[in-house]
Amino acid sequence: MSDNDLISSSLEDYLEAIAEIIERNGHAHTKDIADRLHVKMPSVTNALQALSVRGLINYQSHSPVVLTSLGAEKAAVIRHRHAVLKRFFSEILKLDSETADSAACRIEHLIGETVLSRFVVLAEAIGERDDCRELRRYLEETMPKIATSDDSSEWISLDKLPKGKSAVVMRVGENLRGVKKFADLGLVTGTLLEFEGRAPLGDLMRVKVMGSSLSLRASDARYILVKVMS
Amino acid sequence: MDAAMKTTFRIALAGNPNCGKTTIFNQLTGTRQHVGNYPGVTVERKTGGFRIHDLAVEVIDLPGVYSLSSTSPEERVAFRELVDGGIDLILNVIDSGNAQRNLYLTTQLAELDLPMVLVFNMIDDAKERGLEIDFEKFSAFFGAPVVQTVGSAGNGMDDLREMIYRIANDPAPRRPVKPKYGPKTDQAIRALTEAVEPLLRPENRRIPARYFAIKLLENDPEICNRAEFASLLQPAEEWRGKITTRNGINSETLMADYRYGVIAGACREAIQISHDRRRQLSDVIDRVVTNRFLGLPIFLVMMYLMFLFTFVLGEYPMMWLETLFEGLADLVNALWPTGQAEFFRRLVIEGIIGGVGGVLIFLPNILLLFMAIAFLEGTGYMARAAFVMDGFMHLFGLHGKSFIPMLLGFGCSVPAVMATRTIESERDRLTTILVIPFMSCGARLPIYAMIIPAFFALRYQAAVMFIMYFIGVVVALGCALLLKSTLFKGDGEVFVMELPPYRMPTFQSILIQMWERAVMYLQKAGTLILTASVILFVINTFPVRTSFTQDYPAQIAAIEHDQTLSEEERSREIAPLRGAMRAELLEYSLAGRIGKVLAIPLQAVGFDWRVSSALIGATAAKELFVAQLGVLFSIEDAEASASTLQQQLRRSYTPLQAFCIMLFCLLTIPCIATIAVVRRETGSWALTGLQIVGFTVVAYTLTFVVFQVGRLLGIGVEFLQ
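Residues numbered from 1 in each chain as written. Chains lettered and ligands numbered in written order. Predicted model: local features only at pLDDT ≥ 70, side-chain atom pairs only at ≥ 80, totals over all residues.

What follows concerns the overall build of chain A. The number of helices and strands found in chain A is nine helices and eight strands. Buried residues in chain A amount to 31% of all 230 residues. Within chain A, counting contacts between residues at least 6 apart in sequence, those at least 24 apart form 50% of the total. (Helix = DSSP H or I, 4+ residues; strand = E, 2+ residues; numbered from the N terminus. Buried ≥ 20, exposed ≤ 12 C-beta atoms within 10 Å, placed from the backbone. Contact = placed C-beta atoms within 7 Å.)

Below you can see the structure in the form of structure tokens.
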């Protein structure tokens, strides 16, 4: 595995980190690199030696790390790819920036250079090309609607919600009579509610929705699926 | 249309129930209000007028609604008024403490493209609850000016008036910002708007085509049923399908989801919550009042207090009114030229003053009852009462809101029927109206009070009385169940009810509400009762008998001229003669003859012609049964000499018959005042007729069974010791 062109994904991370630190501080010390990647100093020294052997950096102990022209070029490619992937995950797939960042890192590490370079081209095209505008608009609209927690096994029907518990409405069943009326009073997907108690004798229940209490029948509440808040 | 050209500037007050809309209306108009009904529905239509400088303003208080879809009579009425009413400005009243839900209506009102003012009401309440609201942000967001008010204290009303004046004089007032519903949906709206444009009826031109497009996309029943849009149902359905599959949401709640999304965004930006104290107080009260175990007892105590308030406090003014009418009758009697137009004298005194007065004396009860109801409604307790009672009422196919009117039926059916207006479901409301008169009302009490002591020993009296009330309740609930499973059958409508936070209602609003009900009672019931009283008087009087079995006038004259008798002795001897004469007159009259005809079928339930004839009187007012029976038993003043009448009755009837008389009086045709109010509240002669026939059938059947079974088993033949 002494292929000069291929460096291990962990070395890529080092190269990327060095490039970023240099960009920000003008120079990179071993200590800064260790802090940034949350690793111990000896590991950094090890990695720097490996990078040095591959001619990507100039490294002498006790002086700042400098990128060779080859190293700078390599770092730029890595950083560009990461940026494209991150933007793809956050702007096209509508993931929050933390999730997008970690997904970008993981993908870089998991798939090989060959697949990655092609994937980056695709991501770039979707994100930037004019003839993809309709596609972008479609995704823009669709992605946020995809329930983040697809684990519907956690959902329970509203009539099963323990007293005093808060929950978020996940689905309002189609077979509920007068869905519209419930919707008009605020019982729509995403509404936060709290089960306050039951009426004497009957099946009426009291649920706090927005500023006030609503009462509805437990037989109707069966069709409203909620996720209990911890 | 140019606002300056018109004589009045028309404003509509729109808002959710419990947002304080009516308080604002009262503040704006003072007492210059007009209350009526929307044609065909029992939704009150309130209008009022006021002036700001040189501007005459007409304001319409729309019914409180959560949405402008047309799923309830209130929503349909509000919608029609806004679309066809030539409204120049909408005042959208918003409960500041509950902006998120209240603004849902705002997003729909904005679509109407009429100038709009956002009236953030009850800001004191919101502040107390720790809400800091950036009104400027809301104003910018909805494209409508904001006025802050505290309706109950009248704060901000001057600002509101100035704002109205400014908008009325603005040649191009600001139009609200139309909400965006996301790219795909907006695309659908645009496409449908283009299709709607050429189909619009000229009278709807004031409302933008876009509004109708949205309603079509929402699958609103009222708009989708309009003939002109028939060709658009298919495309609207297709668009819904597309949007639903893309966004994975229910097509019915499509727009609601978007609107709440829009509002949630606006509220997040404009409202800061620092603490939430007031709400907690409301929650604490609710934890007790709607508790599974405490809820019912607390409710019953509240109802008991309400009755106490109504009937104990009402007794005094009732007595005053009675004295007043007696005085009035005496006055007319004294001023009337002796012997002239005798018929008209009796018509005025017995027919008009007696009949109308007999109804008017219930006015204090009605005022107090409605005052109590207005108070309980104003505080928000009524919604809790319905919540608490729902389980029990549901057993009979009704829901919680039917309970209070039925309970009021123990007092008087007239206000009870009027109180059914709070029931939203039309089927439930009609069912409740139809069964209410079975509840044993206060006017039946004199009948029991006369008969029970005459036929039942003291130790049975309370039990018999209780049985009468109990039978009334059982029959009412039984008939409700029957009606709900036959005539008013159908899937139960969805029941969602808001339990608004507790509030202290203003004294002014309670008084106004009470007064409105009282006026309605006087106007409508009053005219009918007047007519009925005259008719009853006539059939009780004509034809006049001229020859008697004895020559009463001569005998009376003889006694009057008998100088050997003292004044006291004279009147003691004249009284039975007068009584006997009146009895013969009544027997000869139309009422007596009808009684004799009625007695033929009524024999099977144990009645003779006298009871049958007295039942005619009971139709005018239940307590007249006693008076009429008194006349027929030749007793001058039946109520004053109850014991004499009781002796007479005991000689004539068995306890079984007596029980049957009470049973029949309880269940038979309601009184004229009730019939009048039922006719008005149901808006249907057919249903009123059904009630009359139904009650007769129920009364006859039950009494028949009781009488025949009792007779076969030999029950109640003798006085129960």
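What chain B contains, in helices and strands, is 31 helices and 10 strands. The buried share of chain B, taken over its 721 residues, is 45%. In chain B, the proportion of contacts linking residues at least 24 apart, taken out of those at least 6 apart, comes to 73%.

Once that is clear, we can look at the interface of chain B and chain A. Each partner contributes residues to the interface: chain B has 43 residues there, and chain A has 35 residues. Among the secondary structure elements, those contributing two or more residues to the side of chain B that touches chain A are α3 (99–110), α7 (183–196), α10 (233–247), α11 (254–270), α13 (295–335), α16 (381–394) and β10 (496–499) of chain B. Looking at the side of chain B that touches chain A, the element that brings in the most residues is α16 of chain B, giving six residues. By residue class, the composition of the side of chain B that touches chain A is 17 nonpolar, 15 polar and 11 charged. When strand β7 (residues 212–217) of chain A meets β10 of chain B, the two strands line up antiparallel, connected through four bridges. Within β10 of chain B, the residue paired with S213 of chain A across the bridge is L499 of chain B. (Nonpolar A, V, L, I, M, F, W, Y, C, P; charged D, E, K, R; others polar. Pairing = 2+ DSSP bridges.)

Turning next to the sheet that holds strand β8 (residues 224–228) of chain A. Reading across the sheet, the seven strands line up as β3(A)-β8(A)-β4(A)-β5(A)-β6(A)-β7(A)-β10(B) and stay open at both edges, with antiparallel pairing between neighbours. On the outer flanks of this sheet lie β3 (156–157) of chain A together with β10 of chain B, each paired with one strand and no other. Looking at chain direction, strand β4 (residues 166–172) of chain A and β8 of chain A are connected through five bridges and run antiparallel. When the bridges of β8 of chain A are listed, A167 of chain A appears paired with V228 of chain A. Along the sheet face, α16 of chain B touches β6 (204–209) and β7 of chain A together with β10 of chain B and points at about 135 degrees away from the line of β10 of chain B. (Axes fitted to C-alpha atoms, helices over the stretch in contact; angles between N-to-C directions.)

What follows is about the packing of α7 of chain B against helix α8 (residues 209–217) of chain B. Residue and element names in this part refer to chain B. Two numbers describe how α7 lies on α8: the axes approach to 8 Å, and their chain directions differ by 120 degrees. Our pair here, α7 against α8, has a crossing hand that is right-handed. Of the residues in α8, those in contact with A188, I189, L192, T193 and V196 of α7 are A209, R210, F212, A213, I214, L216 and L217. In terms of residue class, the contact of α7 with α8 is made up of 10 nonpolar, one polar and one charged. (Left-handed = near helix turned anticlockwise from the far one by under 90°.)

Here three bridges tie β4 of chain A to strand β5 (residues 192–198) of chain A, and the two strands are oriented antiparallel to one another. By the bridge assignment, V168 of chain A is partnered in β5 of chain A with L192 of chain A.

For the rest of this paragraph, the subject is the nonpolar core. Residues and elements named next belong to chain B. Formed by 210 residues in total, the largest nonpolar core has its most connected members in L13, L118, V119, L192, L217 and M662. Top element by residues in this core is helix α29 (residues 655–667). It accounts for 11 residues. Those residues in contact with L13 that sit more than four places away from it in its chain are K21, I24, F25, V59, I60, D61, L62, L91 and V93. (Core = buried A, V, L, I, M, F, W, Y, C linked by C-beta atoms within 7 Å.)

All names here are of chain B. Tracing the backbone shows R76 in helix α2 (residues 73–84). Residue classification places R76 among the buried positions, given that 21 C-beta atoms sit within 10 Å. Residues R76 and V65, spaced 11 residues apart in sequence, show a C-alpha to C-alpha distance of 9.7 Å. Apart from residues no more than four positions distant in its own chain, R76 is found in contact with S70 and E222.

Moving on, we get to the confidence of the model for chain B. Per-residue pLDDT for chain B averages 83, and the proportion of residues at 70 or more is 92%. As scored by the predictor, the complex reaches a pTM of 0.70 and an ipTM of 0.72. (pLDDT = per-residue confidence, 0-100.)

A few words now on the pairing of β8 of chain A. Two elements, β3 of chain A and β8 of chain A, share two bridges in a ladder whose sense is antiparallel. Along β8 of chain A, the bridge assignment pairs S157 of chain A with L225 of chain A.

This next bit is on the packing of helix α2 (residues 30–37) of chain A against helix α3 (residues 41–53) of chain A. Residues and elements named next belong to chain A. Here α2 crosses α3 at 110 degrees, and the two axes come no closer than 9 Å. Classified by the interaxial angle, the pair formed by α2 and α3 is roughly perpendicular. Remark: the crossing between α2 and α3 carries right-handed chirality. Facing α2, whose interface residues are T30, I33 and A34, α3 presents M41, V44, T45 and L48. Looking at side-chain class alone, the contact of α2 with α3 contains five nonpolar, two polar and no charged residues. (Parallel < 35°, antiparallel > 145°, perpendicular 65-115°, else oblique.)

A few words now on unusual backbone geometry. Residues and elements named next belong to chain B. Each neighbour pair has its own omega, and for F542 with P543 the value is -10 degrees, a cis peptide bond. Residue placement: P543 occurs in the loop between α22 (507–541) and α23 (552–561). Notably, N18 is not glycine yet its phi reads approximately 65 degrees, a positive angle. Relative to the helices and strands, N18 is located in the loop between β1 (9–15) and α1 (21–29). Of note in this structure, M122 is not a glycine but carries a positive phi near 55 degrees. Relative to the helices and strands, M122 resides in the loop between β6 (116–121) and α4 (123–128).

Residue and element names in this part refer to chain B. Taking 1.5 Å of rise per residue, 13 residues should cover 18 Å, and helix α25 (residues 590–602) covers 18 Å from first to last C-alpha, within 8% of that figure. Within the sequence span of α25, burial applies to A591, G592, G595 and L602. Around the axis of α25, the buried residues are gathered within 90 degrees of arc, so they sit on the same side. Exposed residues on α25 whose side chains face more than 90 degrees from its buried face are V597, I600 and P601. (Expected span 1.5 Å × (residues − 1). Arc of directions from axis to C-beta.)

Bringing the confidence of the model for chain A into the picture now. Residues and elements named next belong to chain A. Confidence in the prediction for chain A averages 82 pLDDT; 91% of positions are at 70 or higher. When mean pLDDT is taken per element in chain A, β6 scores highest with 90 and helix α5 (residues 97–110) scores lowest with 78. With pLDDT under 50 throughout, residues 1–5 is counted as low confidence; its partners more than four residues away or in other chains account for one contact.

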